Each structure stands twice: as structure tokens, then as C-alpha cells.
Amino acid sequence: PSFKLREVASMYFTMIAVFLVVLVVALQGTAPQENYFPYKLPRDPRGLLELSWNVSYPQQAVHFQILVKDPKFGLLFGMSDRGEFENADLAVLWSDGHNSYFGDAWSDEKGRLHMDSQQDYQLLEAQRAPEGLYLLFRRAFSTCDPKDYLIEDGTVHLIYGILEKPVHSLHAINTSAIPRGLQRVQLLKPNISVPELPSDMKTMEITAPDVVIPSQETTYWCYMAELPKSFPKHHIIMYEPVITAGNEALVHHMEVFQCAAEFDSFPHYNGPCDAKMKPDRLNFCRHVLAAWAMGAQAFYYPEEAGLAFGGPGSSRYLRLEIHYHNPLVFKGRRDSSGIRLYYTATLRRHDAGIMELGLVYTPPVPSERQGDPGRGEGSGWAQRLKQRCFLPALPAAGIRIFASQLHTHLAGRKVVTVLARDGRERQVVNADSHYSPHFQEIRMLKEVVPIFPGDELITTCTYNTEDRSRATVGGFGIMEEMCVNYVHYYPQTQLELCKSAVDPGYLHRYFNLVNRFNDEEVCTCPQVSVPQQFASVPWNTFNRDVLKSLYGFAPISMHCNKSSAVRFP
């Protein structure tokens, strides 16, 4: 009884603290100065709001500043696991038409709002301005509140909505009936000092040539660019986005790829990446030079390293790929966005390299949803693929990893790479517990990670394929899967790819076993592909559990390749 009394008393005083009129310039707390918000998201496609924030690692907190162009009768802003409004952690500003109120709330599995008994969104300031209403509030990374979202490294799904009518209580808000949106960001940016740039630095812009953005929600646009002839070796030391004014909310992410050096020429192309008329040779432009996603800052290389391009053995051809996200289906928007490269002819001490870790792009390793017919509609589970890379051919002094780009296709939900040494996991290199295949960027690590000969880098991917009726296998197709971490490091070595897969012989034994213990025959003929064999497996409990066990004990086949595609012994 005494515990309940304390809980009621806490709730009572919390409610008194929450129901404060917000139409004042400042509430308790000290607001950071205006120049204290180095990170920004552009105004959303509807022009509803604009977000800025800063990160305080000493305080373990994030300060948010939101500009609402037309607040009408309130705002919902918060975080959820994958961008849904159900089971979300929210800061809510609402008005009954006379007074305005602010509070920390949460939504249940049906999207209904409830006041949180522990108020962890701390309102610091609310101020009207000609351009709209500014809200400034603070939120700790971790609050020890089970209803709150844990802010951690990796992707954060931010959600927001505008209240267009007055409401008299939180319970009266219908989250499914308001204009709302989603933005993915990396909130916890690393606190890294910007290195000094050399005086002989030059710039080069790889931009789209006045493209008319297609009037559809999602477009991947490809454009081929070319370096000058006899362009000597340089080091890229920095790059940043170039966004056409007014298109900040439409340009979702961009990448610049260098083409394979074994081809003397590449056809010019300017059009959708998935068009049938796109030349097949463009698929050989896969070496990443730069990658940017919405909300990302300029990318700087460490002072002692730069990414080489130009010179002998380097292709002059580059492919720019832009992902346009046009949910309101705007028509006639023209765009010349791209990436600006900063480079120098004064080569730094080390060439930086990019090493591809993870899963071999071949069918033998599926992710699981193989639905058990006996368990009914919607049954399934997420599968984790753990890929070990034993690193040969490293110099005795090792290499230093300073950045990382995680990559899966549509089923990917979580990716983590850990460093193991002497049989023990020592350090997380990069992890994203809320990974989204729609938000991929090269991320600077908070600290450089040294890797030595004999170390293991273990990449684990988690997938959810509950919405699929057939086995998902590894491959290049968007409905097939990948499990990759592109690590950026120095000094560059010959090792460009270090990936693994389950031993194909053990997989063949699995299909033979399935044939012996099941009434339905699985074709194991050599000419039948692994995806076809998986498609013919009857996914009952026995077949599923045996496959899961196989991935636990079967030997792995290692692929450690040089940049020439020749495999190391």
C-alpha cells in the first residue's frame, strides 16, 4: 500500500509539473546558444518542421531544437524502434484552444497516447518568431524508464506529427489521423576534431546534370562522370554534399563509385539506375569513393591518410548514384545535387583503403523465415548470420580502422562487427541496433580501432523476413540479401575483400538429409541452383531446426581476395 501511495503522489506532482502553459519565452533550465546546434536536418517534404541538435557526452544528453513553421494546435515528436507510431517515446505539445501544454508521453501497441509517470523530455524554451515556433528541449541518452527509448550509437528513427485541431487531453489524439512523418538520423555523432586542410587543396564536384526528379516516391538515379585524361594520383581528404536549394528534403542519400580499371572505357549514362536501357557495364562501378546520407556532416580523412584516385591503375570513370525520396510526388522538380570532393596533389603518409567484410554474395547462406505451416499465418523468426574474417596479409604493425559503412538489403534489421583477439571478443568496431537499409552512410568511428595479423573481425547481421513466403538467399538482387561492412582504414594493403560462407559441401549434405527424412523430395541435382533447392524444401520444424544447427557447427569457406580478385592462399 505504501508503494502505491508513493506512486500516486509521484504521478500527481508529475502532472502538476507537466501542465505548464508553454507560451513563455523560457522555462527552467539553461538553453544552449543558437550556434550550439551543429547538426541539422532539412525541413521535411511538407515543410512542417526543421530539426537541429547537439550531443553532450559529459552530460550524456541530446539537446533538440525544433522549428515548427505552423504549429496549429500542437506537435508530436519522438523516437521508436523502426519509425512506427505504436510503442513510441514522444514529447507532445498540445493545445485545447486556450492553453498550451507540454509533456513526456508514450504510445501503446494501438497508438494510443499516455502521460509518462517519469518526465524525461525537459522543455527548456518555447519562443515565437516570424518563421514559426521554436521549441528547445533536452533528453538524456538513458533514463532507466521502461517506456523510454534508449538513445545509442547507430540509426535513430525520429517520428513527428502536427495536431490540426484543438484537443482536451492526450487520450483524444488519434495518431493515425494527423499529418506525420519519419526521418532517420545518426543522433550520437562522434566528437572528432576537424583536421587542418592543406593550402594546395582543390575541389571537384560530381553532380547530376539538371535532372528532372521523377514524380514517384522512390528513384535511384545514375550519372556517369569522367576524370580529366592523364589525371595524376591525388588524395581525397574530405567530401561534403552539394544539394540544390529547395530539394533538401528530397535528396535522401548519394554515393560516388569508381569504375573497374580493367575496362578502357565506360558508356555515358544519365537516367534511372534500374532502367532496362542502363548499360550493364555500369555494374562494374562499385568501388566507393564517397557516401552521404541525409543528416550526415562533411567527411574528413585522418591527417595521416587520404583516399587515392587518379594515376596509373585507376579508372577515370565515376558513377554518381542519388536516391530521391519524393513521398508527395512533386512534379517538375529539377536537381543538380551531388558530392564535392576535396583533394590534394601533396600525398599524405598513407593511402587509405576500403576492405569489404561479411558474407559472400552467393546463395548458400539463407536468412530464415521458412514458415512452419503448422504454426499458422505470420509465423517466423529473425536469423543472425555471423561471418568470421581471419585477416591474413596485414603488415606486422597492423592497420587502423577509422570509419565504417554497414550494408544489407531490405530484410536487414541489425548489423554489428566486433574485433576478436586470442579467442576473445575485445571491442565493438561498429554496431547499429536499429539499422535501416534505407539509411546507409559512411560513419566516422569515435576512436580508431587497431587491427593486427591474426585478429578476427566478426560481422553479424539480423534479418526479419516474416512477410515472405519463400527462403531468402544471399545475392545481388534487392530481395536477396547481403551482410557487409565496408571498413575504411590505413595503410592500404592488398587485402580488399575478406568474407565467408558456410561450406558448400555441408549444405549439399543438408539437402540430402532433407530428402531422406521427408516425404516431399528436394531436387539435389548438380544443375539445380541452391535457391531452387531451398525453394523446394518443405519448411517443417525438423528441417528448420536442422538447418539452424548446421549453421552453428559447419565449417566456413573463407574468401580473402586481393584487389586484383586473386584469392590469398
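Look a little higher up for the structure.
Each value, and the rule that gives it
Residues numbered from 1 in each chain as written. Predicted model: local features only at pLDDT ≥ 70, side-chain atom pairs only at ≥ 80, totals over all residues. Heavy atoms only, no water. Phe/Tyr/Trp six-rings, centres within 6.5 Å; stacked < 30°, edge-to-face > 60°. Helix = DSSP H or I, 4+ residues; strand = E, 2+ residues; numbered from the N terminus. Buried < 20%, exposed > 50% of the residue type's maximum accessible area, 1.4 Å probe, protein only. Expected span 1.5 Å × (residues − 1). Arc of directions from axis to C-beta. Polar contact = N/O pair within 3.5 Å; in protein donor to acceptor, adjacent residues only side chain to side chain. 1 Å grid on protein atoms, 1.4 Å probe; cavity = no way out; pocket = protein on both sides within 12 Å on 5 of 7 lines; lining within 4 Å. Points joined across faces, edges and corners; volume = space filled by probe spheres on them. Nonpolar A, V, L, I, M, F, W, Y, C, P; charged D, E, K, R; others polar. Salt bridge = Lys/Arg side-chain N within 4 Å of Asp/Glu carboxyl O.

**Comments concerning the packing of aromatic side chains**
Inference 1: Applying the stated criterion across every chain yields a total of 22 aromatic pairs.
Inference 2: When the centroid spacing of 6.0 Å and the interplanar angle of 75° are considered together, the rings of Tyr57 and Phe141 count as edge-to-face. With Tyr57 in the loop between strand S2 (49-56) and strand S3 (61-68) and Phe141 in the loop between strand S9 (132-140) and strand S10 (156-162), this residue pair connects regions lying 84 residues apart in the sequence.
Inference 3: The exposure class assigned to Phe141 is buried, which follows from its relative accessible area of 6%.
Inference 4: Summarising the aromatic geometry, the rings of Phe231 and Tyr343 are spaced 5.9 Å apart at their centres and angled 65° between planes, so their arrangement reads as edge-to-face. Of this pair, Phe231 sits in the loop between strand S14 (218-226) and strand S15 (234-242) while Tyr343 sits in strand S23 (residues 338-344), placing them 112 residues apart in sequence.

**With respect to helix H4 (residues 541-553)**
What sets the pattern is the α-helix's 3.6 residues per turn: residues three or four places apart point alike.
Inference 1: For H4, with 13 residues, the first-to-last C-alpha span of 19 Å sits near the 18 Å given by 1.5 Å per residue.
Inference 2: Buried within H4 are the following residues: Asn543, Arg544, Leu547, Leu550 and Tyr551. In a view along the axis of H4, the buried residues occupy a sector of 120°, so they form one face of it. Away from its buried face, by an angle of more than 90 degrees, H4 presents the exposed residues Gly552 and Phe553.
Inference 3: N-cap assignment for H4: the residue whose side-chain oxygen lies 3.2 Å from the backbone N of Phe542 is Asn540.

**Some remarks on empty space enclosed by the protein**
Inference 1: Counted by the stated rule, this structure contains 3 cavities of 30 Å³ or more.
Inference 2: The wall of the largest cavity is formed by Leu41, Pro42, Asp44, Leu49, Glu50, Leu51, Phe77, Leu158, Tyr160 and Gln183.
Inference 3: Looking at the lining of the largest cavity, the elements with two or more residues in it are S2 and S10.
Inference 4: Ranked by the residues each element gives to the lining of the largest cavity, the list is headed by S2, at 3 residues.
Inference 5: Its residues placed into classes, the lining of the largest cavity shows 7 nonpolar, 1 polar and 2 charged.
Inference 6: Its boundaries defined by the atoms lining it, the second largest cavity holds a volume of some 50 Å³.
Inference 7: Ser404, Leu406, Asn430, Asp432, Tyr435, Phe439, Gln440, Glu441 and Arg443 are the residues that line the second largest cavity.
Inference 8: Looking at the lining of the second largest cavity, the elements with two or more residues in it are strand S27 (399-407) and strand S29 (424-432).
Inference 9: Looking at the lining of the second largest cavity residue by residue, the class counts come to 3 nonpolar, 3 polar and 3 charged.

**As for the pattern of salt bridges**
Inference 1: Scanning the model with the defined rule gives 16 salt bridges in all.
Inference 2: As a salt-bridge pair, Arg340 and Glu205 come within 2.8 Å of each other at their nearest N and O atoms. Separated by 135 residues along the polypeptide, Arg340 in strand S23 and Glu205 in strand S12 (residues 202-207) bring together distant segments of the chain.
Inference 3: The class for Glu205 is partly exposed, based on a relative accessible area of 42%.
Inference 4: Note that Lys233 and Asp351 form a salt bridge whose closest N and O atoms lie 2.8 Å from each other. One end of the pair, Lys233, is in the loop between S14 and S15; the other, Asp351, is in strand S24 (residues 350-351), and 118 residues separate them in sequence.
Inference 5: Shared partners join several salt bridges into a network, and the residues in it are Glu205, Glu240 and Arg340.

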